Amino acid sequence: MAEVLLYHHIQGLTDGVRAFADDLRQAGHTVHTPDLFDGHTFASIEEGFAFARDKGFDAIRKRGAAAADDLGPELVYAGFSFGVTIAQRLAQTRPGARGALLIDSCLPVTEFGEAWPVGVPVQIHGKEGDEFFEEDLPAARELAGATAAAELFVYPGDQHLFADSSLAAYDPEASRLLLERVRTFLTSA
């Protein structure tokens, strides 16, 4: 079973992110969910961005990276949207990474290195009409085309944070499929 470090999105460590982590735990995986917002959750993306801007995006990302320091090196790094900025960086730069799950976002690989690390599998998930993921889709396609260890899954619809069951954007059908794919990924990570 895999050990996963899962970073929440810009609306905080919501009940939906906790439920997603619990689903993975029920499948036998160890899942760590650091709360980078100290218990604060937000009703909208805009409110979450305002909070993160006030606290400092870089400071929050440093806290996220520090959460990995307390764990072993052989982790699967996972993130939802804003959390992808931390998970992807660690997957690309921290020795021993077992994999990466990038949900609702994907940065260009060149943000953190010259190429995706050899032997580190990655799954990318997003909605085709999601205004935020649309910006990241070229980077996701480039990553998926650059390594055989990458899988890109694009779902119909336009909801951002569609796998968070506590938000209005929740899409049960797409979330079920995403979770099934993630479970399969984790069995080999």
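The structure this text deals with has already been given above.
Here we come to the environment of Val84. Tracing the backbone shows Val84 in helix α4 (residues 84–93). Separated by 103 residues in the primary sequence, Val84 and Thr187 have C-alpha atoms spaced 21 Å apart.

With eight of 10 residues buried, α4 is to be regarded as a mostly interior element. Of the residues making up α4, those classed as buried are Val84, Thr85, Ile86, Ala87, Gln88, Leu90, Ala91 and Gln92. The elements touched by buried residues of α4 are β1 (3–7), α3 (57–69), β3 (76–80) and β4 (99–103).

Before going further, it helps to spend a moment on a negative patch on the surface. A contiguous patch of negative charge on the surface is contributed by Glu46, Glu47, Glu128, Glu131, Glu134, Glu135 and Asp158. Going through the elements one at a time, α2 (45–55) and α5 (131–146) are the ones with two or more residues in the negative patch. Residue contributions to the negative patch peak at three residues, all from α5. Within the element layout of this structure, Glu135 appears in helix α5.

Quick look at the sheet that holds strand β2 (residues 30–32) now. Across the sheet, which stays open at both edges, the six strands sit in the order β2-β1-β3-β4-β5-β6 with parallel pairing between neighbours. Pairing within the sheet leaves two strands with one partner each, and these edge strands are β2 and β6 (150–155). Averaged over all pairs of adjacent strands, the angle between their axes in this sheet comes to 15°, without regard to strand direction. Sheet strands in contact with α4 are β1, β3 and β4, and its direction is about 160° off that of β3. α5 contacts β4, β5 (122–127) and β6 of the sheet and is inclined by roughly 150° relative to β6.

With a phi close to 75°, Asp104 is a non-glycine residue in the positive phi region. Inspection of the secondary structure puts Asp104 in the loop between β4 and β5.

Looking now at the pattern of salt bridges. Under the counting rule described, the total for this entry stands at seven salt bridges. Of the charged contacts in the structure, one is a salt bridge between Asp38 and Arg63, with a shortest N-O distance of 3.0 Å. One end of the pair, Asp38, is in the loop between β2 and α2; the other, Arg63, is in helix α3, with 25 residues separating them in the sequence. Among the residues examined, Asp38 registers a relative accessible area of 56% and is labelled exposed. We note a salt bridge from Arg176 to Glu180, for which the minimum N-O separation is 3.3 Å. Of this pair, Arg176 and Glu180 are both found in helix α6 (residues 172–188), four residues apart, which corresponds to roughly one turn of the helix. Note on Arg176: relative accessible area 44%, which makes it partly exposed. A single salt-bridge network, built from bridges that share partners, covers Glu173, Arg176 and Glu180.

How each quantity is defined
- Residues numbered from 1 in each chain as written.
- Predicted model: local features only at pLDDT ≥ 70, side-chain atom pairs only at ≥ 80, totals over all residues.
- Heavy atoms only, no water.
- Helix = DSSP H or I, 4+ residues; strand = E, 2+ residues; numbered from the N terminus.
- Buried < 20%, exposed > 50% of the residue type's maximum accessible area, 1.4 Å probe, protein only.
- Contact = heavy atoms within 4.5 Å.
- Patch = residues over 30% accessible without salt bridge, like charges linked within 9 Å, V, L, I, M, F, W, Y side chains within 5 Å.
- Areas by Shrake-Rupley, 256 points an atom, 1.4 Å probe, with all protein chains shown as cover.
- Salt bridge = Lys/Arg side-chain N within 4 Å of Asp/Glu carboxyl O.
- Lys, Arg positive; Asp, Glu negative; His and termini not counted.
- Charge placed at Lys NZ, Arg CZ, Asp CG, Glu CD.
- Pairing = 2+ DSSP bridges.
- Axes fitted to C-alpha atoms, helices over the stretch in contact; angles between N-to-C directions.

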